[in-house]
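In case you want the letters, here they are:
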Amino acid sequence: MTRPSATIHRFQASLFPVNAYLIEAADSVVAVDATLGVSDGRALRAHANGLGKPFAGVIVTHAHPDHYGAVGALVDGTNVPIVAMAGTDAAIRRDDAAKEQILRPMFGNEWAAARTFPNRVARDGERVTLGDVTLRGVDVGPAESPHDSWWLLEDDGPPMAFVGDLIYSHMHSYLADGFYEEWLANLERAKRELPADATLHMGHGAPAKGLGLIDWQAGYIRHFLDEMASARRKGLDGDALAAEVTARMRAFLESDDLLFLLTLSVAPMLGVLRGRGIAT
């Protein structure tokens, strides 16, 4: 049966710089991720309602709070499926109390008083149909976050891949969770498994057609690790280490887009490298 091409709407949050997406099919609308703050979750839902079709559910790509924090505001008043890989769901639930301690002082009431978690878990390779939208999920485990996935839209249009934060669109990246080896391995997997002509819909930055950004993202991660090692050889630590690595990464990518995420990653990554005996 022919499945007409869906329309993809990119939603750029105001509170915190992150994307969510609405997939508009013939008879329903599905969200991919939900942003961080309550007001953006409500705005995303209003956008979905404005399309004039039933809101059929949410896919959560990975375990970071800027992708699940506003799910409650997005689904308010409905009982739609909220779908994530089992590992993503487990990581969200495990880490949510710690995120509360971090994010409540930063965002106040914009961080939902009680977060809404996935209510349906998916398996690697499973096809999930919400309304008349079907996506196939690929479970990749730890990568940019403690548990990541990507989702391929299954219709008769050009290939569309929702990759969460596995790939950033020429922006500084968050490496504080420390799964750099797994992230690099999953980027290689993405090169093997994603359609060569897929449009990548990313959590940060504009969509891009083709897989060229995968190599860029891997190069960014490796360069960050090299700059960490170089700064440690100079004996730098603490704020001096963060300043040095941040400056060097700005030379690699002449942009301040999400630079704060990179700076926040330096100290946690140093702890990871020390734990592996790679840094002193």
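What comes next is a walk through the structure. Owing to the predicted nature of the structure, the values given are computational and were not obtained by experimental measurement.

Between its first and last C-alpha, helix α7 (residues 238-252) extends 21 Å over 15 residues, near the 21 Å set by a 1.5 Å rise per residue. Where α7 is buried, its residues contact α6 (212-233) and α8 (259-275).

Our next topic: the pattern of salt bridges. One pass over the full model with this rule turns up 20 salt bridges. A salt bridge links Asp-89 to Arg-93; the nearest nitrogen and oxygen atoms lie 2.8 Å apart. A residue pair is termed a helical-turn pair when its members lie 3 or 4 positions apart in one helix, as Asp-89 and Arg-93 do in helix α4 (residues 86-107) at four residues. For Asp-89, a relative accessible area of 11% puts it in the buried group. For the salt bridge of Glu-154 with Arg-127, the shortest nitrogen-to-oxygen distance reads 2.8 Å. One end of the pair, Glu-154, is in the loop between β9 (148-153) and β10 (160-164); the other, Arg-127, is in strand β7 (residues 127-130), with 27 residues separating them in the sequence.

Our next topic: the pairing of strand β1 (residues 7-12). Relative to strand β2 (residues 19-24), β1 is paired through six bridges, and the arrangement is antiparallel. Directly across from Gln-12, in β2, lies its bridge partner Asn-19. Linking two consecutive strands that pair antiparallel, namely β1 and β2, is a turn of six residues.

Below, the discussion takes up the sheet that holds strand β6 (residues 120-122). Strand order in the open sheet formed by six strands is β1-β2-β3-β4-β5-β6, with mixed pairing between adjacent strands. Each end of this open sheet is capped by a strand with a single partner; those strands are β1 and β6. Mean inter-strand twist for the sheet, computed between neighbouring axes without regard to direction, equals 25°. Two strands pair when backbone bridges link them, and strand β3 (residues 29-32) and strand β4 (residues 55-59) are joined in this way by four bridges, in the parallel orientation. If you follow Val-29 over to β4, its bridge partner there is Phe-55. Sitting on the sheet, helix α1 (residues 38-50) is in contact with β1, β2, β3 and β4, with an inclination near 155° to β1. Against the sheet, α4 makes contact with β5 (82-85) and β6, and its axis sits at roughly 100° relative to β5, the strand it touches most.

Reading the values: rules and limits
Residues numbered from 1 in each chain as written. Predicted model: local features only at pLDDT ≥ 70, side-chain atom pairs only at ≥ 80, totals over all residues. Heavy atoms only, no water. Helix = DSSP H or I, 4+ residues; strand = E, 2+ residues; numbered from the N terminus. Expected span 1.5 Å × (residues − 1). Contact = heavy atoms within 4.5 Å. Salt bridge = Lys/Arg side-chain N within 4 Å of Asp/Glu carboxyl O. Buried < 20%, exposed > 50% of the residue type's maximum accessible area, 1.4 Å probe, protein only. Pairing = 2+ DSSP bridges. Axes fitted to C-alpha atoms, helices over the stretch in contact; angles between N-to-C directions.

The values are spatial; any link to function lies outside them.
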